[in-house]
Each structure stands twice: as C-alpha cells, then as structure tokens.
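The lines below spell out each chain.
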Amino acid sequence: MSDFAGWPQAALTFFEGLEADNSKSYWTSHKDVYDVAVRAPMETLVAELGGEFGPATLFRPHRDVRFSADKSPYKTQVAAVLGDTGSGAFYVQLSADGLMTGAGLHVMTPGQVARLRGAIDDDRSGTALGAIVSSLVGSGFEVGGDALKTAPRGYPRDHPRIELLRYRSCFVLRPHPPATWLHAARAADVVRADWRSARPLVDWLHAHVGPGEAVSRGR
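The paragraphs below set out a description of the structure included in this document. Remember, it's a predicted structure, so these values are computed and weren't measured experimentally.

## So, the overall build of the protein
Helix and strand counts for the protein come out as 7 helices and 6 strands. Relative to the compact-globule value of 17 Å for 219 residues, the protein shows a C-alpha radius of gyration of 19 Å, a close match. Taking the principal axes of its C-alpha atoms as reference, the protein extends roughly 55 × 45 × 30 Å. Within the protein, the fraction of its 219 residues that count as buried is 44%. Taking the contacts inside the protein whose residues are at least 6 apart along the sequence as the reference set, 70% of them involve residues at least 24 apart. Looking at the protein as shown, the accessible area adds up to about 11600 Å², and 54% of this sits on carbon and sulfur atoms.

Written out as structure tokens, the structure is:
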C-alpha cells in the first residue's frame, strides 16, 4: 500500500513564494518546506508508479543559468520523468499553477527527427499517430514540441499530416489546475490515468522513432 497522500497546500504556497522571491535567501529559509511538502511526496508518487511506467528521474531544483538571460537560480516547479527518456517517457510536474502530466519525446536528435517524419509520412504509421494525437487532444491534452512555421524540406505543404510533420519533437501535456484532490491520494490516480491514456503515443515513438544516435565528440 502506497504512502502517497498528495501534496499539502504548503507545496503550492512554497512555489507561490518562490515565484515572488526567487532568491537564495528564500530558498534557504524554506528548504525544509521544500523537502517535506514538495520533494518527498513527488518521490513517493514516482515510487508508486514506477512499477508500471518505468524508473524515475527527478529534476534538480537549480536552474542552469549559464546560457540564459534569466538568472533566477531556482525552478518554480518540481518535476520527474519515468521510462525511457531517450525514446519516449512519462512526465509529471507540480507548480503553483497545479499539476501537469505529459508523455512523449521532448528533445530529438536529427536522426530521430528524420525517423519521426518518415513515419508520419507513411500512410499506415502516420494515420495511426494522427488518431492517437486526436484522441489525446479530445480528452484534454495539448500537443507540445518545437514546430517549423512551414513544411519541412522534401514534404509538400498540402501533405494530409502537415501539422504533425512540422514538429521536431513529439509530446503532449495535460494541465490540471489546483483542486482538492491534489492534496489527497487521488492525485496518483489522476497521473496514472493520464499516463495510461498517453501510453499509445509512447509506444508509437518506441516503435517508429527509437533511441537517438550517439553524438560524435571528435576534435
């Protein structure tokens, strides 16, 4: 039996405060709240769901500001990814805005993008992906990903799946505004149900895109 009991209101309050004061002093003075009310429930949640959706990785709370104009040191959400992050996985995030679930492949190598487009162009696999995405959008998911403004090179602008072909990554997200169930064990049921709905997308990516190629680090 899981010990997951949702996130307390203190978790949302913590992120509201962090958005207003994203500083080391705020973080240090509220670190105990983060550990108990934010991170610990996330760890318990992914431990409960890991048996069905795969091993979990929690994102670190510190932002990488080396190449960013925004030098805010801390992320204003706690997040985790489960499964094969190289070819399609499941995502969950908590912030002051509530809970967000997701699934898919957020970053693709050039080879993966080429395989994605080839599979979308194919009538059988492309039609299957279109049906999966349409079903997810119809149930409340939003399509995410980096998209071109026009057709990719080599594909006609009037392609029947041109909207999908424009994407250079493939994932969906579903936002859930704060609600009373977020503070109870039912939150795990919401995440589980969303991920089960999105599993066909992850399975499609595993079958038709697969892992990325190794990046050469030559001189």
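Next comes the rest of the account.
## Describing the nonpolar core
When a protein is soluble and globular, its nonpolar side chains tend to lie buried together. By size, the foremost hydrophobic cluster in this structure holds 57 residues, and its most contacted members are Trp7, Leu45, Trp204 and Leu205. Not counting residues up to four positions away in its chain, the partners in contact with leucine 205 are Ser87, Gly104, Leu105, Met108, Leu116, Cys170 and Gly210.

## Description of the sheet that holds strand 1 (residues 56-58)
Pairing within the open sheet is antiparallel, and its 6 strands lie in the order 1-2-3-4-6-5. Whereas interior strands pair on both sides, the edge strands pair on one side only; in this sheet they are strand 1 and strand 5 (142-144). Strand after strand, the sheet turns through a mean of 20 degrees between neighbouring axes, direction not considered. In this fold helix 3 (residues 31-53) packs onto strand 1, strand 2 (77-84) and strand 3 (88-95), with an angle of close to 15 degrees to the strand it touches most, strand 2.

## Some words on the packing of aromatic side chains
Counted under the stated rule, the structure contains 11 aromatic pairs. Aromatic side chains tryptophan 27 and tyrosine 34 sit 4.7 Å apart centroid to centroid with 45 degrees between the ring planes, which places their arrangement in the tilted category. Residue tryptophan 27 is classed as buried on the basis of its relative accessible area of 6%. Three or more aromatic residues link up through ring pairs in this structure, and these residues are Phe14, Phe15, Tyr26, Trp27, Tyr34 and Tyr74.

## Some thoughts on the packing of helix 5 (residues 123-138) against helix 7 (residues 186-208)
It is at 9 Å that the axes of helix 5 and helix 7 come closest, and there the two elements cross at 155 degrees. One way to sum up the angle between helix 5 and helix 7 is to call them roughly antiparallel. Crossing handedness for the pair helix 5 and helix 7: left-handed. Contact residues: helix 5 offers Ser125, Ala128, Leu129, Ile132 and Leu136, while helix 7 offers Ser197, Ala198, Pro200, Leu201, Trp204 and His208. Within the contact of helix 5 with helix 7, the residues separate by chemical class into 8 nonpolar, 3 polar and no charged.

## Comments concerning the environment of proline 73
Examined against the element boundaries, proline 73 turns out to sit in the loop between strand 1 and strand 2. Proline 73 gets classed as partly exposed once you look at its relative accessible area, which sits at 28%. Excluding residues within four positions of it along the chain, proline 73 makes contact with Asn22, Pro61, His62 and Arg63.

## Regarding the pattern of salt bridges
Considering all chains together, one arrives at 11 salt bridges under this definition. With its nearest N and O atoms 2.7 Å apart, the salt bridge here joins aspartate 64 to arginine 66. Notably, a salt bridge pairs arginine 161 with aspartate 123, separated by 3.2 Å at the nearest N-O pair. On the criterion of sequence distance, the pair formed by arginine 161 in the loop between strand 5 and helix 6 (162-165) and aspartate 123 in helix 5 is long-range, its members being 38 residues apart. Relative accessible area serves as the criterion here: at 12%, arginine 161 is assigned to the buried category.

What counts, and at which threshold
- Residues numbered from 1 in each chain as written.
- Predicted model: local features only at pLDDT ≥ 70, side-chain atom pairs only at ≥ 80, totals over all residues.
- Heavy atoms only, no water.
- Helix = DSSP H or I, 4+ residues; strand = E, 2+ residues; numbered from the N terminus.
- Rg over C-alpha atoms; globule rule 2.2 N^0.38 Å.
- Buried < 20%, exposed > 50% of the residue type's maximum accessible area, 1.4 Å probe, protein only.
- Contact = heavy atoms within 4.5 Å.
- Areas by Shrake-Rupley, 256 points an atom, 1.4 Å probe, with all protein chains shown as cover.
- Core = buried A, V, L, I, M, F, W, Y, C linked by side-chain atoms within 4.5 Å.
- Pairing = 2+ DSSP bridges.
- Axes fitted to C-alpha atoms, helices over the stretch in contact; angles between N-to-C directions.
- Phe/Tyr/Trp six-rings, centres within 6.5 Å; stacked < 30°, edge-to-face > 60°.
- Parallel < 35°, antiparallel > 145°, perpendicular 65-115°, else oblique.
- Left-handed = near helix turned anticlockwise from the far one by under 90°.
- Nonpolar A, V, L, I, M, F, W, Y, C, P; charged D, E, K, R; others polar.
- Salt bridge = Lys/Arg side-chain N within 4 Å of Asp/Glu carboxyl O.

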